[in-house]
Amino acid sequence: MTEKELPDGSRQRIDKWLFFARIVKSRSLAQSLIAAGAVTVNGEICSQSSRTIKPGDRIELVLERRDVILVVRAGGCRRGPFEEAKLLYGDLTPSPDKKTRLTPFERAQRGLGAGRFGGPDR
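Residues numbered from 1 in each chain as written. Predicted model: local features only at pLDDT ≥ 70, side-chain atom pairs only at ≥ 80, totals over all residues. Heavy atoms only, no water.

Peer 1: Give me unusual backbone geometry: which residues, what numbers.
Peer 2: Even without glycine at this site, Arg22 takes up a positive phi of about 60 degrees. When you line up the elements, Arg22 lands in the loop between helix H1 (14-20) and helix H2 (27-35). The backbone of Asn42 shows a phi angle near 55 degrees, a positive value even though the residue is not glycine. Along the chain, the position of Asn42 falls in the loop between strand S2 (39-41) and strand S3 (44-45). Among the residues examined, Asn42 registers a relative accessible area of 40% and is labelled partly exposed. (Helix = DSSP H or I, 4+ residues; strand = E, 2+ residues; numbered from the N terminus. Buried < 20%, exposed > 50% of the residue type's maximum accessible area, 1.4 Å probe, protein only.)

Peer 1: Please set out the pairing of strand S5 (residues 58-62) residue by residue, giving values where relevant.
Peer 2: In S5, alternate side chains face the same way, and those of Ile59 and Leu61 are buried while those of Arg58, Glu60 and Val62 on the opposite face are not. Of the strand pairs in this sheet, S2 and S5 are connected by 3 bridges, and their pairing is antiparallel. By the bridge assignment for S5, Val39 is matched with Leu61. Between S5 and strand S6 (residues 67-72), which pair antiparallel one after the other, the connecting turn spans 4 residues. (Pairing = 2+ DSSP bridges.)

Peer 1: Give a description of the pattern of salt bridges that names residues and reports values.
Peer 2: Overall, the coordinates contain 7 salt bridges when judged by the stated rule. Between Arg51 and Glu44 there is a salt bridge; the shortest N-O distance is 4.0 Å. The partner of Arg78 in a salt bridge is Glu84, and the shortest N-O contact between them spans 2.8 Å. One continuous salt-bridge network, built from bridges that share partners, spans Arg13, Asp15 and Arg27. (Salt bridge = Lys/Arg side-chain N within 4 Å of Asp/Glu carboxyl O.)

Peer 1: Requested: an account of H2, with residues and values cited.
Peer 2: All buried positions along H2 are accounted for by Ala30, Leu33 and Ile34. All buried residues of H2 project into a common sector of 100 degrees when viewed along the axis, lining one side. Gly37 lies just past H2 and shows a positive phi near 80 degrees. (Arc of directions from axis to C-beta.)

Peer 1: Could you give an account of the packing of aromatic side chains, naming the residues involved and the relevant values?
Peer 2: In this structure the tally under the stated criterion is 2 aromatic pairs. Considering the side-chain rings of Trp17 and Tyr89, the 6.3 Å spacing of their centres and the 75 degrees angle between planes classify their relative orientation as edge-to-face. In this pair, Trp17 sits in helix H1 while Tyr89 sits in strand S7 (residues 89-91), placing the two residues 72 residues apart along the sequence. On the accessibility criterion, Tyr89 (13% relative accessible area) is buried. Between Phe19 and Phe20 the ring centres are 6.0 Å apart and the planes differ by 45 degrees, which places this aromatic pair in the tilted class. Phe20 carries the same exposure label as Phe19, and that label is buried. (Phe/Tyr/Trp six-rings, centres within 6.5 Å; stacked < 30°, edge-to-face > 60°.)

Peer 1: Account for the pairing of S6, with residues named and values stated.
Peer 2: Examined bridge by bridge, S5 and S6 share 5 bridges and lie antiparallel to one another. Bridging across to S6, Ile59 finds its partner in Leu70. Where S6 lies against S7, 3 bridges are found, and the strand directions are antiparallel. Note on S7: the bridge partner recorded for Val71 is Gly90.

In structure tokens, the structure reads:
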């Protein structure tokens with residue numbers, strides 16, 4: 001059986017699936033995320049990019065700008081357009097709460113006394 005003949009209930013490597021679903025730009029980036037411990041499958045940290053996933057699995061990713069929660073709907077055969085790729089998963093990511101989300105400028109601010117010399121008293 002070739003890659004193009006994947007049945008709907010089949011298993012697929014997680015690095016290939018992340019690439020086909022257009023979550024990451026390359027398989028090597030997917031492998032880097034997995035090696036860094038930023039990917040969990042069904043609540044367990046995924047430590048190998050060769051781990052297989054199947055429809056119904058829940059994948060949580062810690063990406064640079066956001067955290068994502070996905071449910072696998074199908075395995076992919078190729079990296080197609082976005083409209084085709086979004087059929088591979090269901091997105092369960094909650095919408096970001098604007099009150100608790102800090103801007104990059106707010107994150108870069110130091111608290112009083114957190115500087116090199118300990119604050120304005122010196």
